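Coordinates in review
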Amino acid sequence: MRDYLIDIVKHTVPLGAFTTLRIDGTDDQTEISATEQEKAMVLRGKLHAPVADFKGTFGIPNLPQLNTILNIPEYQDDKAKYTITKRDFNGADQPVSINLENGNGDFKNDFRLMAPNVINSMEPKLGFNVKSWPVEFVPTVAAQQKLKFQIQANPEEKAVTFRIEGGNITAQLGDASSHSGNFTFHAGVDASVKKTIAVPVLYVSSVLALSGDKMIHMGDLGMMISVDSGIGKYDYILPMLTK
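This one's a predicted model, so the numbers in the text were calculated from it and none came from an experiment. (Residues numbered from 1 in each chain as written. Predicted model: local features only at pLDDT ≥ 70, side-chain atom pairs only at ≥ 80, totals over all residues. Heavy atoms only, no water.)

From N to C terminus, the protein chain includes five helices and 15 strands. Taken along the three principal axes of its C-alpha coordinates, the protein chain extends 60 × 35 × 30 Å. Out of the 243 residues in the protein chain, the part that is buried amounts to 47%. Here the analysis covers contacts within the protein chain between residues at least 6 apart in sequence; of these, 60% occur between residues at least 24 apart. Split by element, the accessible area of the protein chain, about 12400 Å² in all, is 48% carbon and sulfur. (Helix = DSSP H or I, 4+ residues; strand = E, 2+ residues; numbered from the N terminus. Buried < 20%, exposed > 50% of the residue type's maximum accessible area, 1.4 Å probe, protein only. Contact = heavy atoms within 4.5 Å. Areas by Shrake-Rupley, 256 points an atom, 1.4 Å probe, with all protein chains shown as cover.)

Structure follows, in structure tokens:
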């Protein structure tokens, strides 16, 4: 269970966007969802294998605190124990706490989880009816580095605008009224697609900095960056910004 928890916090906490997330677990799958407070980014994820301990519907609050606990050296030993306590909610057993104990049994932490009714009110299970994205590609390391350079050159800019035209994608920060910068983010996409997409630049850069294989999707909704960690697949949806 520890590997799954570590993977989840590694793909949420560094973004600074989510403090709480929702887990929906069945015998067949374990799904993860979270929404940034201003709805500037939405996470939809799924672990590659169902986790029996995560069966049920519950919330994980205060992700930074969980991250701190998981990284305590007492819990790094292979003899450390990770267990889930469950209780009955409306006739079904639901996780209520994560219990950690070091190998010697003399150091413990209990991390409280959120009940189904609480997480349902805070993070309802919603779907996105996006059947296809007209532009999909694997971002290059060079493009990610150039985006970081432009962020450094334009630190006051909150958004990055991607212009898709003629088979190329140009990224721009700022506009003609002030300092600005642009570069070719990717080439060789469908030449028939012509779109302009503006999304929060720091979230784009932060997601691209996460570990795992990445795929970028662009369309009318905005942008989605998929990250496959090997343990799970995380889809970060960035709805189009409105000015």
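Now that the structure has been shown, we can carry on.
To continue, consider the pattern of salt bridges. All told, the structure shown has six salt bridges when counted by the stated rule. With a closest N to O distance of 3.0 Å, Glu-31 and Lys-125 form a salt bridge. Placement of Glu-31 in strand 2 (residues 30-35) and of Lys-125 in the loop between helix 3 (116-122) and strand 8 (135-137) is noted, with a sequence separation of 94 residues between them. What makes Glu-31 partly exposed here is its relative accessible area of 23%. (Salt bridge = Lys/Arg side-chain N within 4 Å of Asp/Glu carboxyl O.)

Another aspect to go through is unusual backbone geometry. Although it is not a glycine, Lys-39 sits at a positive phi angle of roughly 60°. With respect to the helices and strands, Lys-39 occurs in the loop between strand 2 and strand 3 (42-47). On the basis of relative accessibility, which here comes to 58%, the residue Lys-39 falls in the exposed class.

We now examine helix 5 (residues 201-208). For helix 5, the buried fraction is high: six of the eight residues fall into the buried class. Of all the positions in helix 5, only Val-201, Tyr-203, Val-204, Ser-205, Val-207 and Leu-208 are classed as buried.

By size, the foremost hydrophobic cluster in this structure holds 63 residues, and its most contacted members are Phe-54, Phe-162, Phe-185, Val-204 and Met-218. With five residues, the single largest contributor to this core is helix 5. Setting aside chain neighbours within four positions, we find Met-218 in contact with Trp-133, Pro-134, Val-135, Phe-137, Phe-162, Ile-164, Ile-169, Ile-197 and Met-223. (Core = buried A, V, L, I, M, F, W, Y, C linked by side-chain atoms within 4.5 Å.)

Functional significance is not addressed by these values, which are geometric in nature.
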